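The lines below spell out each chain.
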Amino acid sequence: ARCVAPGCAGECDGQVRREGGLAGRGPDVKRIAPGRAAGMTRAKAIECAAANGRPVDVTARSPYSIDQNVWGRSCETGHLEDIWEAPHDDVYGYTDDPAAGKPAEEITISFTDGLPVALDGRPLSPLEIITELNAVAGAHGIGRIDMVEDRLVGIKSREIYEAPAAMTLLAAHAELESVCLERDLARFKRVASQRWTELVYDGLW
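Residues numbered from 1 in each chain as written. Predicted model: local features only at pLDDT ≥ 70, side-chain atom pairs only at ≥ 80, totals over all residues. Heavy atoms only, no water.

S.K.: Explain empty space enclosed by the protein to me, and be specific about the residues and the numbers.
M.R.: Under the defined criterion, the tally for this structure stands at one cavity of 30 Å³ or more. Size it by volume and the largest cavity reaches roughly 50 Å³. If you trace the largest cavity, you find it lined by Val 4, Pro 6, Cys 8, Gln 15, Arg 18, Glu 19, Leu 22, Arg 31 and Arg 36. Examining the composition of the lining of the largest cavity, we find that four residues originate from one element, helix H1 (residues 14-25), more than from any other. (1 Å grid on protein atoms, 1.4 Å probe; cavity = no way out; pocket = protein on both sides within 12 Å on 5 of 7 lines; lining within 4 Å. Points joined across faces, edges and corners; volume = space filled by probe spheres on them. Helix = DSSP H or I, 4+ residues; strand = E, 2+ residues; numbered from the N terminus.)

S.K.: Pulling in residues and values, what's your account of a nonpolar patch on the surface?
M.R.: Where nonpolar side chains cluster on the molecular surface, the patch consists of Val 70, Trp 71 and Leu 127 and spans about 290 Å² of accessible area. Considering the arrangement of structural elements, one finds Val 70 in the loop between strand E3 (65-69) and strand E4 (72-76). (Patch = residues over 30% accessible without salt bridge, like charges linked within 9 Å, V, L, I, M, F, W, Y side chains within 5 Å. Areas by Shrake-Rupley, 256 points an atom, 1.4 Å probe, with all protein chains shown as cover. Salt bridge = Lys/Arg side-chain N within 4 Å of Asp/Glu carboxyl O.)

S.K.: Describe the environment of Glu 19, with residues and values.
M.R.: Mapped onto the fold, Glu 19 is located in helix H1. Apart from the residues lying within four places of it in its own chain, the contact partners of Glu 19 are Arg 31 and Arg 36. (Contact = heavy atoms within 4.5 Å.)

S.K.: Account for the nonpolar core, naming residues and giving values.
M.R.: Membership of the largest hydrophobic core is limited to eight residues, which are Ile 109, Leu 119, Leu 124, Ile 129, Ile 130, Leu 133, Ala 165 and Leu 169. No other element matches helix H4 (residues 126-139), which puts three residues into this core. In contact with Ile 129, not counting residues within four places along its chain, are Pro 116, Val 117, Ala 118, Leu 119, Leu 124 and Leu 169. Grouped together as the second largest cluster of nonpolar side chains are six residues, Tyr 64, Cys 75, Leu 80 and Ile 160 included. (Core = buried A, V, L, I, M, F, W, Y, C linked by side-chain atoms within 4.5 Å. Buried < 20%, exposed > 50% of the residue type's maximum accessible area, 1.4 Å probe, protein only.)

S.K.: Can you explain the sheet that holds strand E9 (residues 156-162)? Please cite residues and give values.
M.R.: The strand order E3-E4-E9-E8 describes an open sheet built from four strands, whose pairing is antiparallel. Looking along the sheet, the strands with just one partner apiece sit at the ends: E3 and strand E8 (144-150). In this sheet, adjacent strand axes meet at a mean angle of 20° when their direction is disregarded. Inspection of the sheet shows E3 paired to E4 by five bridges, in the antiparallel sense. Opposite Ile 66, over in E4, you have Cys 75 as the bridge partner. (Pairing = 2+ DSSP bridges. Axes fitted to C-alpha atoms, helices over the stretch in contact; angles between N-to-C directions.)

S.K.: Now, about unusual backbone geometry: what can you tell me, with residues and values included?
M.R.: One non-glycine residue with positive phi stands out, namely Thr 77, at about 70°. If you trace the backbone, Thr 77 turns up in the loop between E4 and strand E5 (109-112).

S.K.: Describe in detail the packing of aromatic side chains, supporting the description with residues and values.
M.R.: Per the counting criterion, the structure on display carries zero aromatic pairs. Taking the ring centre of Tyr 201 as reference, the NZ or CZ of Arg 17 above it sits at 4.9 Å. For Arg 144, the ring lying beneath its charged end belongs to Tyr 92, and the centroid distance is 3.5 Å. (Phe/Tyr/Trp six-rings, centres within 6.5 Å; stacked < 30°, edge-to-face > 60°. Lys NZ or Arg CZ within 6 Å of the ring centre and 35° of its normal.)

Dropping the structure here:
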C-alpha cells in the first residue's frame, strides 16, 4: 500500500500503535486521517454519515464506539462516560448476564508448551478454541470487564470489555502455572508479563 487512511478520531490509542508500526515498517507509506485532521467528534461523524447516506450502526441514541474481533470486544462513549451509571444491556454483544443463573458447565483445556491445543480432549486450532470458548464462556457472562482506562494519549476513558475466551484461557493457564512454576520464575513471569503488555499497548514492540 502507498497510502493508509484510518478512520480514527484524535482520542484513541490505536492511532499511536498504527503510526508507530507504519513509521517502523513502512516509513514511505502516506498516512491520512480525515476524522482526526478535521477534529471531528463522534456526534459530527454520526451527522456526516446520515447526511451522506452512509450506513452505520451508530445513532445519537446509541452512540457507542465499538471495536471487536475474535479475541474480544470493547465499547465506550455514550452513557458510559458517566462512571456512576451501570452499563445498559445494549452495551454487551459477546456475553449474557452472569446473574442469569445458568447451570454450570465444565470444560477441560489441554495445553502443550503453554499453548491451548484441545477442549475436552478434542484437538482444535487456536481459532476453533477461541470461537468455542467465546460461545460457552460468554453464555455464562465470563469475560466482562468494566474499567477506566489510562490512555497513552493522556485521556481517561471508561471502557466495557468482553473477552470470554481470553479470560477463560488466562485463568486456566494461571492455574497451570501455579502447579508447574517455581516461586522465583513465577515472580519474574509476572514482572515480564506486565512490562511486555505495556510495550505492546504503547506500540513499542
